Every structure is written in structure tokens, then in C-alpha cells.
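Examination of the molecular architecture
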Amino acid sequence: IASRCAGLRRRPGRRIDDEAAGERTLNLERVVKRGLDLAGGVAGLTVAGPGIAALAAAVRIDMGAPVFYGQIRPGLNGVPFRLWKFRTMTEERGPDGRLLPDGERLTRLGRFMRRFSLDELPQLYNVLTGTMSLVGPRPLLVRYLPRYNARQSRRQLVKPGITGWAQVHGRNALDWAERLELDVWYVENWSLALDLRILAETVLQVMRAEGAKPGAGAEFDEFWGEEGPPAEGPRAFPVEQDERGCG
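Basis of the calculations
- Residues numbered from 1 in each chain as written.
- Predicted model: local features only at pLDDT ≥ 70, side-chain atom pairs only at ≥ 80, totals over all residues.
- Heavy atoms only, no water.
- Phe/Tyr/Trp six-rings, centres within 6.5 Å; stacked < 30°, edge-to-face > 60°.
- Helix = DSSP H or I, 4+ residues; strand = E, 2+ residues; numbered from the N terminus.
- Buried < 20%, exposed > 50% of the residue type's maximum accessible area, 1.4 Å probe, protein only.
- Lys NZ or Arg CZ within 6 Å of the ring centre and 35° of its normal.
- Polar contact = N/O pair within 3.5 Å; in protein donor to acceptor, adjacent residues only side chain to side chain.
- Contact = heavy atoms within 4.5 Å.
- Core = buried A, V, L, I, M, F, W, Y, C linked by side-chain atoms within 4.5 Å.

Concerning the packing of aromatic side chains
We describe a pair of aromatic rings using the distance from one ring centre to the other and the angle between the two ring planes. All chains considered together, the criterion is met by seven aromatic pairs. On the numbers, 5.6 Å between centres and 35° between planes, the contact of Y148 with F223 is tilted. Of this pair, Y148 sits in the loop between β3 (133–135) and β4 (161–163) while F223 sits in the loop between α7 (218–221) and β5 (243–246), placing them 75 residues apart in sequence. In this structure F223 comes out as buried when scored by relative accessible area, which is 5%. Above the plane of the ring of W176 lies R179, whose end atom (NZ or CZ) is 4.1 Å from the centre.

This is the structure:
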């Protein structure tokens, strides 16, 4: 009996040891993930440098200055950061001084860049600064935060990424419920192996231009949460608010 009780007493210790070992492994993977982000960011900027310069020149010719725009987005744990992208839309405004709907401001060059996700290339800088990762849920808009339910809010428990699990499963061709659920699945099942799989699938998907709606904009892509859009007032707002140009 004594030996059995001793064995029972040891079992919680083994479980604690197993949990501690698992946590150490997870922490090591997170350190490696940051290392991969740094290596990938440097390599990406080096390889894509000439293309980024060419795109910057094309945007300047097509839309004028600024070439880039920065927008406040929620990052890890909802902490705001400034995300950088190539401009894809003009800054045309209506008689009331407000920006016109996204679809009316999107240029032909902008559509091309969005189709192949080229407008996201400046986010390699965000990866280097540590506000983003190569892989993670896409950083959405700050105004969406109070619209998430408890489960959807879990997507903010990791750094946002340039690509993610939702992006390789339909990108913005998915509805909001599907996209956010895929984001949460990624948070709950993250591993380095999963990140590498997502990166490989992203390359293939972008080359085939699958799952993208180049003209997608706030006027038909706004996330309103479980309550839906307001009965009165605008059903959507331009995406490019609180932006700061550069270049």
C-alpha cells in the first residue's frame, strides 16, 4: 500500500515535469520563430529590394507622393503599432471632404499589386522591428476589436503576420466567420512546422493568385461582429483612415 501511495504521489510531479518541459520547448520554438523572422526579413528585403524599388517608382508615377502609407493596427495583445504598405488607392475625396469608397479610389496598378500581395512587401520592415511576424493572423483594424466575441479575440494573443492560416485557406474570399475561426485555430495549434507549411503554401498561392479579391474594400468587406451593421448610417468606412504617408 505504501508503495502504491508513493507512486500516486509521484504522478503529479511527473505531470508537472512534463508540463515544464513542454513550456520550455514552446519557449525555445518562440525564440527560433523570432530568429526565422529576422532572417526572413533580411533575406526578403535583400532579394525583393530591386522589386520594391521598382514598385515604389511605379506608385510615384501612377499616384504621386506619398509612395507608402502607415496605418495604426492592433498587434500582440491588441497593442497598436503602425503597419506599412504600398499605396494602392488615390486620396480622392467627395464634396463633404471624406475619402471616397475604396473601390472608387483603387487604381489599376493597385489592383495588380493586391492580386499578388505586392502591396504587403513593406511589412518586412515591421517584421524586422518585431511588431509583426512572417506568419500570424493578419492585422485588421483597431475599430474591429470591440466587435470580436471572446473566442475571436484570441487572435490577438500572437503577433500579426504577413501571411497566415486563413490566407492559405482562401484569403479574403472567405467570409468573416471563417477567417476569424481559422485565425483562432492557428493560435491554438501553433508550431514551427505549421509556420513553415504556411510559408510554403503562401508562395504557391500567391504565384497562382488564388483566393484574392483585388478590388476588396471596406464597402463590402467591413466586419461588424455578431450584431451586424447599424440600421442607420454608413455600412462601411474607408480602410485607409488614420494613415500617414511616406516617400
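Regarding the side chain of D183
If you trace the backbone, D183 turns up in helix α5 (residues 176–189). Only 2.8 Å separates the side chain of D183 from the side chain of R155, close enough to count as a polar contact. If near-sequence neighbours (up to four positions away) are discounted, D183 is found in contact with P137, R155 and A166.

Observations regarding the nonpolar core
Ranked by size, the top nonpolar core spans 17 residues in total, and within it W165, Y186 and I198 carry the most contacts. Ranked by residues supplied to this core, first place goes to helix α6 (residues 192–208) with three residues. Sequence-distant contacts of W165, that is, excluding residues within four places in its chain, are made with L182, W185, Y186, L194, R197 and I198. The next biggest cluster of nonpolar side chains, apart from the first, holds nine residues, and it includes L55, A56, V59 and M113.

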